[in-house]
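# Chains, contacts and geometry: an overview
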There are 2 protein chains.
Amino acid sequence: MRASRFFISTLKEAPSDAEIVSHKLMMRAGMIKRLGSGIYTYMPMGLKVIRKVEAIVREEMNKAGAIELVMPFVQPAELWQETGRWDKMGPEMMRVKDRHGRDYAIQPTSEEVVTDVVRSELKSYRQLPVNVYQIQTKFRDERRPRFGLMRGREFTMKDAYSFDKDIEGMQKSYTAMFDAYTKIFSRFGLKFRAVAADTGAIGGSFSHEFHVIAQTGEDALVYCPTSDYAANMEAAEAMPLIAQRAAPTQELFKAPTPDTVKCEQVAELLGLKLSQTVKSIALTVEKEDANGRAVKENWLLLIRGDHELNEVKVNKVPGLAAFRFATEAEIREAYGTVPGYLGPIATKAKVNVVADRTVANMSDFVCGANEEGFHFTGANWGRDCPEPQVADLRNVIEGDASPDGKGVLAIERGIEVGHVFQLGTAYSEKMEATFLDESGKPAPLQMGCYGIGVTRILGAAIEQNFDDKGIIWPDAIAPFEVVLAPMGYDRSELVKAEADRLLAELEAAGVDVILDDRGLRPGSMFADWELIGVPHRVVIGERGLKDGNLEYQGRRDEAATAVPVADMVGFIKAKLGK
Amino acid sequence: MRASRFFISTLKEAPSDAEIVSHKLMMRAGMIKRLGSGIYTYMPMGLKVIRKVEAIVREEMNKAGAIELVMPFVQPAELWQETGRWDKMGPEMMRVKDRHGRDYAIQPTSEEVVTDVVRSELKSYRQLPVNVYQIQTKFRDERRPRFGLMRGREFTMKDAYSFDKDIEGMQKSYTAMFDAYTKIFSRFGLKFRAVAADTGAIGGSFSHEFHVIAQTGEDALVYCPTSDYAANMEAAEAMPLIAQRAAPTQELFKAPTPDTVKCEQVAELLGLKLSQTVKSIALTVEKEDANGRAVKENWLLLIRGDHELNEVKVNKVPGLAAFRFATEAEIREAYGTVPGYLGPIATKAKVNVVADRTVANMSDFVCGANEEGFHFTGANWGRDCPEPQVADLRNVIEGDASPDGKGVLAIERGIEVGHVFQLGTAYSEKMEATFLDESGKPAPLQMGCYGIGVTRILGAAIEQNFDDKGIIWPDAIAPFEVVLAPMGYDRSELVKAEADRLLAELEAAGVDVILDDRGLRPGSMFADWELIGVPHRVVIGERGLKDGNLEYQGRRDEAATAVPVADMVGFIKAKLGK
């Protein structure tokens with residue numbers, strides 16, 4: 001390719017709405033162009049990267065036995081109504097009416113459609129397992145689209161769906177996809193981590209997220225450096241920090257703590273460590289009693305003053321699936337005091353108390369006294385109040401024991417780019433997607449679903465690989481592998497001849513190379529390609545040529561290396577492993 | 001590929017809503033699956049064909065210097081409002097509101113977006129010409145979607161847009177695309193014809209359509225077998241069938257023709273040839289007069305009784321761009337009679353008469369007498385009524401003189417699969433897409449646009465290539481090039497070993513081959529692959545193998561050919577030109 005024939009459009013400054021580095025650099029490098037909020041045109045330079053990502057995904061999916069199809073972007077409402085998601089999906093799913101007034105969803109995902117496809121096509125266990133995938137445009141009407149392709153509204157996703165006759169088969173299909181994902185992200189040349197994840201709204205029983213590691217990542221990844229334990233923050237199990245509860249040594253004492261509502265303030269006022277305090281969080285659950293009357297339950301969650309509540313874990317406590325935080329009026333009614341002074345001892349009304357595992361093993365702790373301006377010190381379970389229900393309620397922290405008992409936990413930041421789920425029969429039962437099993441009886445298909453955020457990979461790769469000059473693409477997904485930078489292409493016959501020869505030879509050797517024949521000054525030319533992030537550069541200059549040399553510089557190299565003209569093609573091929 | 005691992009789903013019967021052969025065969029072959037009206041999932045077997053079509057299109061577009069990008073599917077209304085097409089497009093363009101109530105179009109085409117992309121990126125004549133294209137999903141909310149992928153609502157299109165600094169450049173870009181299209185359709189292995197076309201609603205000055213030739217085609221293509229003249233029916237110029245008007249030989253006579261309103265009936269009643277009659281078509285044009293008052297004009301079009309009116313040509317008559325057919329009340333008022341008895345002689349009110357070129361050269365013709373139950377015979381221009389305005393108003397017919405004077409016209413049926421347009425500045429002026437020309441002055445970009453109906457190609461290819469067993473794909477776009485049909489794969493070690501060996505060797509030779517390892521009986525297996533339309537079949541049977549032979553049969557061959565085992569890979573490669 002010649003730069004004069006390609007669409008190159010770099011900017012000195014990023015637009016003001018670009019907040020994060022990958023968004024800024026993609027805009028400056030002319031990879032994407034904003035059309036509307038969260039809606040981008042994939043410009044030629046960006047599309048080249050997307051196509052390379054897609055090709056790797058496609059190859060590995062095919063190798064893993066998955067079969068490609070394409071499902072419609074505009075999907076009739078009826079299927080979404082079958083699973084109840086037409087109502088559940090909320091405003092993120094964009095809806096549209098056709099000229100006859102019929103309802104359609106602009107696809108945010110395709111579980112319903114794919115289940116519909118297979119329920120009419122797969123009749124017998126003999127046809128199973130099947131794994132189908134598509135690489136397709138999706139649309140999610142995010143409330144606040146941002147970060148360019150990282151949280152856009154229109155984006156490209158690879159979504160795959162497996163169908164098995166039993167749970168064992170589903171697990172096998174899941175493992176095959178897990179392995180394929182590992183190969184895919186390895187081939188991208190990115191540092192990544194797979195973590196156990198909560199299954200959340202999509203349903204099902206078991207899932208993993210694949211994250212590209214980046215300091216700027218939105219998600220905290222928990223892992224054990226001395227074992228293979230890894231989970232995201234929602235799913236990482238927090239072990240008790242105190243192995244066994246000590247016997248009480250203090251009397252319960254009601255300490256005056258006026259205007260002291262936060263644990264940090266209480267600890268400071270009383271001269272105690274934050275880790276001796278307990279944070280009380282009041283919840284309300286609205287339900288119907290046996291006679292169908294609306295009733296409210298009071299729940300009090302207790303975590304140590306220096307810990308953070310994990311709401312996903314709260315959701316999993318039996319009875320708390322539909323919790324909400326209590327209002328101030330509800331707090332007054334249940335505890336007889338104001339927020340900031342709650343505690344498990346002597347509540348006004350009946351309260352279900354749930355203590356985090358660490359709190360359950362504390363003794364002589366500090367908590368609110370259910371009286372404005374007072375906290376208890378020397379509080380002890382059993383003696384001062386009943387033993388609480390115990391649950392894992394908090395986020396893990398660095399240094400926590402690994403749940404597998406094989407070390408301590410570390411935390412790093414990541415960007416989610418893939419997600420694999422075991423769905424089981426969540427969709428197949430609602431949509432009556434059955435097959436005839438070995439005994440001739442209908443049974444629901446066991447499903448898995450597997451996503452990769454194709455366009456998101458670009459943002460994540462950049463967040464992991466950039467410097468102050470621009471992007472540094474890994475070879476496998478760079479828009480071009482090599483740029484040829486001739487010094488005076490339009491002035492020197494010698495330079496032009498060598499540049500043209502090298503372009504032709506590298507292209508013949510299967511190298512994805514671009515020759516910058518635009519006649520720019522070296523400074524502008526280098527700046528463009530460093531911004532765009534082409535990983536390998538060859539400078540062709542008259543002076544070097546007279547010595548028989550060209551200059552090679554990798555995008556991360558401090559300095560250039562002289563390479564004899566005759567060796568350059570082999571040198572580049574070796575660099576690229578071709 | 002092994003059939004047991006692919007998604008094969010053939011049907012004995014086509015669904016009842018499939019009216020045409022390509023729709024029936026694609027449904028029966030499991031290539032597409034209906035999700036909603038005009039909305040289809042591209043099943044694995046169909047997607048393989050689509051991907052091959054896309055690859056050929058992409059290769060030739062790239063060779064022609066076009067650059068790929070991808071524009072959004074969901075497009076903000078503002079751009080469509082800039083060109084006025086937000087209002088003009090009508091219900092075929094599906095519109096949607098996002099969660100904030102903002103308007104968007106689901107893209108039916110991308111002139112607006114691409115013009116927006118280039119107007120901010122292309123500043124100077126030095127950056128021109130540029131040609132960008134995308135292969136993308138489109139949506140058109142057809143009133144009556146039908147014929148499967150031929151007239152679906154969601155479909156895949158390649159759309160390209162060229163930008164030049166002057167008309168000469170635009171014409172050069174247009175020619176380059178015309179040539180690329182010729183290569184693309186040739187590579188598909190389809191019989192096709194490029195015809196001059198009317199530019200219609202999309203605007204611009206000059207265009208050609210590319211049609212796949214098929215007896216079942218919706219469009220009539222006009223061409224001259226002894227020259228390179230070719231046009232579609234709308235655009236084909238009809239020359240007068242009478243070279244020169246003869247002098248009158250008859251008196252004007254008012255013949256009683258009760259209940260005789262059609263030319264065929266009049267000719268029969270009066271014992272004349274249909275070609276002596278003239279058909280009168282009354283039009284109304286509503287406009288404002290110089291004082292802004294609404295007025296109506298009466299127009300009468302005259303074509304020979306055996307000819308068909310061409311409404312596109314009518315539109316081009318000065319003053320008739322906004323014509324409509326007159327109502328019965330309007331006809332009574334202007335002509336003083338009922339439909340069926342109109343004519344140019346002695347109208348009641350003022351009427352603008354336009355005669356087709358052939359009618360203008362007729363003498364002693366028959367026309368309505370503007371009196372119920374009567375026609376004139378022996379009517380003559382000049383003598384019985386004023387000389388008419390003359391225009392080309394009719395469809396050409398077989399045997400008409402070619403407008404280039406190099407022969408006579410023939411007509412065949414075609415399916416439109418591509419369209420190239422010279423748009424000029426129609427969009428760039430409305431959207432202020434300018435560049436600085438050589439003299440430093442802003443000038444509007446000269447545009448061209450170029451479409452290929454990617455998914456439509458499948459339907460068109462089948463309409464051209466099928467028999468009573470099923471589809472007959474050309475090699476280049478067949479889902480698989482070769483099917484290996486083993487007789488008893490699950491029973492005979494000999495057959496299995498040879499089938500596996502041949503599969504591996506053909507795949508290694510770059511042949512797209514599928515081995516049917518499903519264990520079907522030969523009849524069902526053959527029927528499946530004949531229906532699917534794989535162009536080359538190799539049967540592997542024990543009997544043949546004992547003689548050292550395999551059986552080859554091309555999809556169009558009457559009988560099989562024995563080929564020695566050792567020669568088969570070379571034989572297939574030769575068949576495929578590999």
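Residues numbered from 1 in each chain as written. Chains lettered and ligands numbered in written order. Predicted model: local features only at pLDDT ≥ 70, side-chain atom pairs only at ≥ 80, totals over all residues. Heavy atoms only, no water.

An unreviewed UniProt entry lists chain A under the name Proline--tRNA ligase, from Massilia terrae. Reading the Subunit (unreviewed entry) entry of the UniProt record for chain A gives the comment "Homodimer." In its Sequence similarities (unreviewed entry) section, the UniProt entry covering chain A states "Belongs to the class-II aminoacyl-tRNA synthetase family. ProS type 1 subfamily." (UniProt positions renumbered as here; feature names shortened; annotations may be inferred.)

All names here are of chain B. Their axes nearest at 9 Å, the elements helix 2 (residues 44-63) and helix 12 (residues 454-464) cross at an angle of 110°. By the angle class used here, helix 2 and helix 12 are roughly perpendicular. Where helix 2 crosses over helix 12, the two elements pack in a sense that is right-handed. Of helix 12, the residues touching helix 2 (which contributes Gly 46, Val 49, Ile 50, Val 53 and Glu 54) are Val 454, Thr 455, Ile 457 and Leu 458. Of the residues assigned to the contact of helix 2 with helix 12, the class counts are 6 nonpolar, 2 polar and 1 charged. (Axes fitted to C-alpha atoms, helices over the stretch in contact; angles between N-to-C directions. Helix = DSSP H or I, 4+ residues; strand = E, 2+ residues; numbered from the N terminus. Parallel < 35°, antiparallel > 145°, perpendicular 65-115°, else oblique. Left-handed = near helix turned anticlockwise from the far one by under 90°. Contact = heavy atoms within 4.5 Å. Nonpolar A, V, L, I, M, F, W, Y, C, P; charged D, E, K, R; others polar.)

Turning our eyes to something else, we now look at the confidence of the model for chain A. Summary statistics for chain A give a mean pLDDT of 94 and a share of 99% for residues scoring 70 or more. Two summary scores accompany this predicted model of the complex, namely pTM at 0.90 and ipTM at 0.89. (pLDDT = per-residue confidence, 0-100.)

Attention shifts here to the relation of the copies chain A and chain B. Structural alignment of chain A on chain B gives an RMSD of 0.2 Å, achieved by rotating through 180° and translating 0.0 Å along the axis. On the angle and the small slide along the axis, the relation comes out as a two-fold axis. If distances are taken from each C-alpha of chain A to the rotation axis, the shortest is found for Val96(A), at 2.7 Å. Of all interface residues in chain A, 100% are interface residues in chain B too; the two copies therefore contact each other through one and the same surface. (Least-squares fit on C-alpha atoms with pLDDT ≥ 70 in both.)

We now examine the pattern of salt bridges. In this structure the tally under the stated criterion is 100 salt bridges over all chains. The salt bridge involving Glu542(B) is made with Lys546(B); its shortest N-O contact spans 4.0 Å. Pair noted here: Glu542(B) and Lys546(B) are both in helix 15 (residues 542-546), with a separation of 4 residues, about one helical turn. Within this structure, Glu142(A), Arg146(A), Arg151(A), Glu218(A) and Arg456(A) form a network of salt bridges that share partners. (Salt bridge = Lys/Arg side-chain N within 4 Å of Asp/Glu carboxyl O.)

So, about the sheet that holds strand 31 (residues 561-564) of chain A. All names here are of chain A. Across the sheet, 5 strands lie side by side as 28-27-29-30-31; this open sheet has mixed pairing. Of all strands in the sheet, those with a lone pairing partner are strand 28 (513-515) and strand 31, marking the two edges. Taking the axes of each pair of neighbouring strands and ignoring which way they run, one obtains an average angle of 25° across the sheet. Bridge count for strand 27 (residues 482-486) against strand 29 (residues 536-540) is 5 bridges, and the pairing is parallel. Pairing of Val 482 across the sheet is with His 536, part of strand 29. (Pairing = 2+ DSSP bridges.)

Omega for the peptide link from Leu128(A) to Pro129(A) comes to -5°, which places this bond in the cis form. With respect to the helices and strands, the residue Pro129(A) is situated in the loop between helix 5 (111-121) and strand 7 (130-139). For Asp259(B), which is not glycine, the phi dihedral falls at a positive 50°. Here Asp259(B) lies in the loop between strand 13 (253-256) and helix 7 (263-270). Here Asn370(B), not a glycine, exhibits a phi torsion of approximately 55°, which is positive.

Residue and element names in this part refer to chain A. Mapped onto the elements of the fold, Gln 134 is located in strand 7. The exposure class of Gln 134 is buried, given its relative accessible area of 0%. Setting aside residues no more than four positions away along its own chain, Gln 134 makes contact with Leu 69, Val 70, Met 71, Gln 107, Ser 110, Met 157, Lys 158 and Asp 159. In this structure the side chain of Gln 134 is engaged in a polar contact, spanning 2.6 Å, whose partner is the backbone nitrogen of Met 71. (Buried < 20%, exposed > 50% of the residue type's maximum accessible area, 1.4 Å probe, protein only. Polar contact = N/O pair within 3.5 Å; in protein donor to acceptor, adjacent residues only side chain to side chain.)

Residues and elements named next belong to chain A. On the secondary structure map, Arg 456 appears in helix 12 (residues 454-464). Linking Arg 456 and Leu 149, residues 307 residues apart in sequence, is a C-alpha distance of 5.5 Å. Among all residues touching Arg 456, those that are not within four sequence positions of it are Leu 149, Met 150, Arg 151, Glu 218, Ile 415, Glu 416 and Val 417. At 2.6 Å, the side chain of Arg 456 forms a polar contact with the backbone oxygen of Glu 416.

A few words now on helix 6 (residues 167-188) of chain B. Residue and element names in this part refer to chain B. In this model helix 6 runs 31 Å from its N-terminal to its C-terminal C-alpha over 22 residues, within 8% of the 32 Å that 1.5 Å per residue would give. Among all positions in helix 6, only Gly 169, Met 170, Ser 173, Tyr 174, Met 177, Ala 180, Tyr 181, Ile 184, Phe 185 and Phe 188 are buried. Buried residues of helix 6, seen end-on, are gathered within an arc of 140° and therefore sit on one face of the element. Away from its buried face by more than 90 degrees, helix 6 exposes Glu 168 and Lys 172. Backbone geometry just downstream of helix 6 places Gly 189 in the positive-phi region, at approximately 80°. (Expected span 1.5 Å × (residues − 1). Arc of directions from axis to C-beta.)

Here the focus is the side chain of His536(B). All names here are of chain B. By secondary structure assignment, the location of His 536 is in strand 29 (residues 536-540). Within the structure, the side chain of His 536 is placed 2.5 Å from the side chain of Tyr 552, a separation counted as a polar contact. Leave out the neighbours within four places in its chain, and His 536 touches Asp 475, Glu 481, Val 482, Val 483, Tyr 552, Gln 553, Lys 575 and Leu 576.

Contacts between chain A and chain B engage 57 residues on the former and 57 residues on the latter. For the pair chain A and chain B, the two sides together bury roughly 4700 Å², of which 62% comes from carbon and sulfur. Area buried by chain A at its contact with chain B is led by Phe7(A), Leu35(A) and Arg99(A), which between them contribute 16% of it. The shortest N-O distance in the salt bridge between Glu121(B) and Lys33(A) comes to 3.5 Å. Between the two partners, chain A and chain B, sit 19 residue pairs in polar contact (both at pLDDT 80 or more). Its residues assigned to classes, the side of chain A that touches chain B shows 31 nonpolar, 8 polar and 18 charged. (Buried area = accessible area lost by both parts, 1.4 Å probe.)

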